[in-house]
Amino acid sequence: MKTINSIVVGIFLLGTTVWGHDGKTTKVMEEMIQLHESLVKETPGKLETKKLIQLLTKGSDDKKDSEIFKSAVPLAEKLGKAENQKDKLSSYSQLVEMLATTVGHHDKSNANLFYCPMVKKKWIAKGDKIVNPYSKEMRECGEKQ
């Protein structure tokens, strides 16, 4: 019985270590997915970036990703201040470029990185479906990276 308890505890601790990276990056990607959805819907007014800024400021469980997250904070702040769709998309594009290398890295949000060769910009969205936020006339233009 003692051996079984040791195995169960060992698996639990190993599982905690293996999945320990998941939380912070997944939460950042979930916020990026919500921003993508708001941009596609062309939500009027300013976008809510407060939670994203807090998450980026906390950093990641990975040192390299933490540096990227902290460098992305001013871009998230800029996005939160943008008032029109053109400025929102410009700020969002810069933020995505900064975070591009962290997509899928210690992440379980089902976020993917996409690229549109027509507008030469990337976006982060959930799943595999292409929904280009940069041009409503070409929502299906792009490719998964």
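**Focus: the nonpolar core**
1) Next: Of all hydrophobic cores here, the largest spans 34 residues; its most connected members are Val28, Met32, Leu56, Tyr92, Leu95, Leu99 and Ile124.
2) Next: Mapped onto this core, the elements with two or more residues apiece are helix 2 (22–40), helix 3 (50–58), helix 4 (63–81), helix 5 (85–99), strand 1 (111–116) and strand 2 (121–126).
3) Next: If one sorts the elements of this core by residue count, helix 4 sits on top with 7 residues.

**Focus on a positive patch on the surface**
1) Next: On the surface, a cluster of positive charge is contributed by Lys24, Lys27, Lys58 and Lys70.
2) Next: Structurally, Lys27 can be placed in helix 2.

**Brief notes about the environment of Asn84**
1) Next: Within the secondary structure layout, Asn84 lies in the loop between helix 4 and helix 5.
2) Next: Assessed through its relative accessible area of 37%, Asn84 is described here as partly exposed.
3) Next: Polar side-chain contacts of Asn84 include one of 3.2 Å to the backbone nitrogen of Lys86.

**Considerations on the confidence of the model for the protein chain**
1) Next: When pLDDT is averaged across the protein chain, the result is 85; 83% of the residues are at 70 or more.
2) Next: When mean pLDDT is compared element by element in the protein chain, helix 5 scores highest at 96, while helix 1 (residues 2–19) scores lowest at 43.
3) Next: Counting contacts from residues 5–22, a segment whose pLDDT is below 50, to residues more than four positions away or on other chains yields 7 contacts.

**Section: the pairing of strand 1**
1) Next: The buried fraction of strand 1 amounts to 5 of the 6 residues, a majority that puts the element mostly inside the structure.
2) Next: In the sheet, strand 1 pairs with strand 2 via 6 bridges, with the strands oriented antiparallel. When the bridges of strand 2 are listed, Phe114 appears paired with Trp123.
3) Next: One ladder, built from 2 bridges, connects strand 1 with strand 3 (residues 143–144); its direction is antiparallel. Each bridged residue has a counterpart across the sheet, and for Tyr115 the counterpart in strand 3 is Glu143.

**Looking at the packing of helix 3 against helix 4**
1) Next: At a minimum axis separation of 8 Å, helix 3 and helix 4 run at an interaxial angle of 160°. Between helix 3 and helix 4, the crossing angle belongs to the class labelled roughly antiparallel. You can see that helix 3 and helix 4 cross each other, and the crossing is left-handed. Here Leu52, Ile53, Leu55, Leu56 and Thr57 of helix 3 come into contact with helix 4, specifically with Phe69, Lys70, Ala72, Val73, Ala76 and Glu77.

Parameters and conventions
- Residues numbered from 1 in each chain as written.
- Predicted model: local features only at pLDDT ≥ 70, side-chain atom pairs only at ≥ 80, totals over all residues.
- Heavy atoms only, no water.
- Core = buried A, V, L, I, M, F, W, Y, C linked by side-chain atoms within 4.5 Å.
- Buried < 20%, exposed > 50% of the residue type's maximum accessible area, 1.4 Å probe, protein only.
- Helix = DSSP H or I, 4+ residues; strand = E, 2+ residues; numbered from the N terminus.
- Patch = residues over 30% accessible without salt bridge, like charges linked within 9 Å, V, L, I, M, F, W, Y side chains within 5 Å.
- Areas by Shrake-Rupley, 256 points an atom, 1.4 Å probe, with all protein chains shown as cover.
- Salt bridge = Lys/Arg side-chain N within 4 Å of Asp/Glu carboxyl O.
- Lys, Arg positive; Asp, Glu negative; His and termini not counted.
- Charge placed at Lys NZ, Arg CZ, Asp CG, Glu CD.
- Polar contact = N/O pair within 3.5 Å; in protein donor to acceptor, adjacent residues only side chain to side chain.
- pLDDT = per-residue confidence, 0-100.
- Contact = heavy atoms within 4.5 Å.
- Pairing = 2+ DSSP bridges.
- Axes fitted to C-alpha atoms, helices over the stretch in contact; angles between N-to-C directions.
- Parallel < 35°, antiparallel > 145°, perpendicular 65-115°, else oblique.
- Left-handed = near helix turned anticlockwise from the far one by under 90°.

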